[in-house]
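Structural features, examined
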Amino acid sequence: MSGPRTGSLRLRLIAVAAAAVAAALAVSGFLLAGIFSRYVDARTVAELTNHLNQILASAELDETGQPRVTTAPADPRFSSPNGGLYWQIDGPNTQAQRSRSLWETVLTLPDDYLADGLIHRHEILGPASTRLIALERGVTLGPLSTPVPIRVTVALDRAEPDAAMADFRFVLARSLTVLGVALILALWIQVQVGLRPLQRLKSALVSVHAGKQDHLEGSFPTEIQPLVDTMNALLVRERGNIERARERAGDLAHGFKTPLTVLSAVSRDLVRDGHAKAAKELDTQIDLMGRHVQRELARARSAGATALGRRSVPILPVVNRVVNALERIGADRNLIWEVDIDDAATFPGNENDLLELIGSIADNAAKWAKSRIAIIATSTQGRLTLAIADDGPGIPEGSETEVLARGRRLDETGDGTGLGLSIVARIVESYGGTIALSRANLGGLAIRIEIPSP
């Protein structure tokens, strides 16, 4: 019993590879975004520090002892209202001096201790409640006798570095997406190339199954070659088992033939000696033994339905052989055989199976036909259809299953073991086909067989 199917190996490989690529690119994108964020932050701090140093370089005390900037920084954003770049100087007990960009806004800084020469960084609110990155530095101006401590602050609107980060993330995401698609496409090509030997192996197995070759042929990678060698060894062993089974069945039939003939002679002697009852019982046992032998022969013959014994056998030559043989046997009946066989019609199996199948049905039709028998075979869309009909009495409606039963005959007065059609049904079943019995257009029995071609 086979287990549940696990899906396509190709899709599983591509799915796992795609997941790995997506995870790797996601981690890479996260790391790159973090690195760029730190870079932008460092550049922002460096820019603000540079402006801070420029302002400090031009800071001095006026005649009243108040701090002022003699030369404003050259960046035009300091001069444009709400320009995004601001500076401010705070002295003791003095109104703050500010850049023109602050307009009427005064930067509110945390009330923390700022040692002389140290720089603090803050996140504060600026004009119109914008978020600013601010650097402040405390210095002392004036003579040592009357030093004046001041705080110089330079701030940048956080929207600028945030916009740079957003643009970078957008470009990064788009680039990584394109890269991911390219990598997955490359992986798909790699999987296709990597699984190509398995496709060749599949084609070789299909050829074996169709009977085009008796073993797996072709050059395979070192990882697959042991499997191919093992399967070829299995094919050889199984083919040998089939042949031995047929030989044993033949030996069985041959071994029983002589004893059954002797027993039949003994039965006749018993009848002559007046022991009819004993002779009848003996004949019954002989008949049972004969049917058993026929069953074993049928089982051995149906072994050819396995893939190991399959060949593409043309239908027409086999039909001609059967018809010629039956015409010679029933020459006195002058039966008309209507044969319509497609040239492309082939049987996907062993020739002996085809001969047994057509021979059993045709022999049955010849036995009951009045004057005409029709044999038609077509092969379309990978399916063989074989139909044999006669103009005999046919069979009672509803008895189709009974006719196909092993060893069952509707007419017990006739010759035969009743195994012919049951053997046919077994062969058809072993090839995955179907068999149907119905009333023929000719008036008698019509047997229609359909067998899929590999």
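Residues numbered from 1 in each chain as written. Predicted model: local features only at pLDDT ≥ 70, side-chain atom pairs only at ≥ 80, totals over all residues. Heavy atoms only, no water.

**A word on the overall build of the protein**
Helix and strand counts for the protein stand at nine helices and 14 strands. Looking at the protein residue by residue over its 454 residues, the buried ones come to 36%. Pairs at least 24 residues apart make up 59% of the contacts formed inside the protein by residues separated by at least 6 positions. Of the roughly 26000 Å² of accessible surface on the protein, 57% is carried by carbon and sulfur atoms. (Helix = DSSP H or I, 4+ residues; strand = E, 2+ residues; numbered from the N terminus. Buried < 20%, exposed > 50% of the residue type's maximum accessible area, 1.4 Å probe, protein only. Contact = heavy atoms within 4.5 Å. Areas by Shrake-Rupley, 256 points an atom, 1.4 Å probe, with all protein chains shown as cover.)

**Re helix H7 (residues 351–368)**
Helix length check: H7, at 18 residues, gives a terminal C-alpha distance of 26 Å against a target of 26 Å (1.5 Å per residue), a fit within 8%. Of the residues making up H7, those classed as buried are Asp-353, Leu-354, Glu-356, Leu-357, Ile-358, Gly-359, Ser-360, Ile-361, Ala-362, Asn-364, Ala-365 and Ala-366. (Expected span 1.5 Å × (residues − 1).)

**Here we look at the pairing of strand S7 (residues 148–157)**
In terms of residue burial, S7 counts as a mostly covered element, since eight of its 10 residues are buried. In terms of strand pairing, strand S3 (residues 85–90) meets S7 through six bridges, oriented antiparallel. Within S7, the residue paired with Leu-85 across the bridge is Leu-156. As defined by bridge partners, strand S6 (residues 131–141) adjoins S7 across 10 bridges and the pair is classed as antiparallel. Looking across to S7, one finds that Ala-134 is bridged to Ala-155. (Pairing = 2+ DSSP bridges.)

**Here's the deal with the nonpolar core**
Soluble globular proteins tend to pack their nonpolar side chains together in the buried interior. Residues Ile-315, Trp-337, Leu-357, Ile-358, Ile-373, Ile-375 and Ile-449 are the most contacted members of the largest nonpolar core, which totals 38 residues. Breaking this core down by element, the ones donating at least two residues are helix H6 (315–329), strand S9 (336–341), H7, strand S11 (372–380), strand S12 (383–390), helix H9 (420–430) and strand S14 (445–452). At seven residues, H7 tops the list of elements feeding residues into this core. Among residues more than four places away in sequence, those in contact with Ile-449 are Leu-357, Ile-361, Leu-384, Thr-385, Leu-386, Val-424, Val-428, Thr-434 and Ile-435. Listed in part, the 19 residues of the second largest apolar core include Phe-78, Val-139, Leu-141 and Leu-156. (Core = buried A, V, L, I, M, F, W, Y, C linked by side-chain atoms within 4.5 Å.)

**What about empty space enclosed by the protein?**
If you walk through the whole model with that rule in mind, you get one cavity of 30 Å³ or more. In this model, the largest cavity occupies a volume close to 40 Å³. The set of elements that each furnish at least two residues to the lining of the largest cavity consists of H7, S12 and S14. (1 Å grid on protein atoms, 1.4 Å probe; cavity = no way out; pocket = protein on both sides within 12 Å on 5 of 7 lines; lining within 4 Å. Points joined across faces, edges and corners; volume = space filled by probe spheres on them.)

**Section: the layout of surface pockets**
The volume enclosed by the second largest pocket comes to roughly 250 Å³. Lining the second largest pocket are 16 residues, with Ile-376, Ala-387, Ile-388, Ala-389 and Arg-448 positioned closest to its centre. Of all the secondary-structure elements, those providing two or more residues to the lining of the second largest pocket are S11, S12 and S14. Looking at the lining of the second largest pocket, the element that brings in the most residues is S12, giving five residues. Of the residues in the lining of the second largest pocket, the class split is 11 nonpolar, four polar and one charged. (Nonpolar A, V, L, I, M, F, W, Y, C, P; charged D, E, K, R; others polar.)

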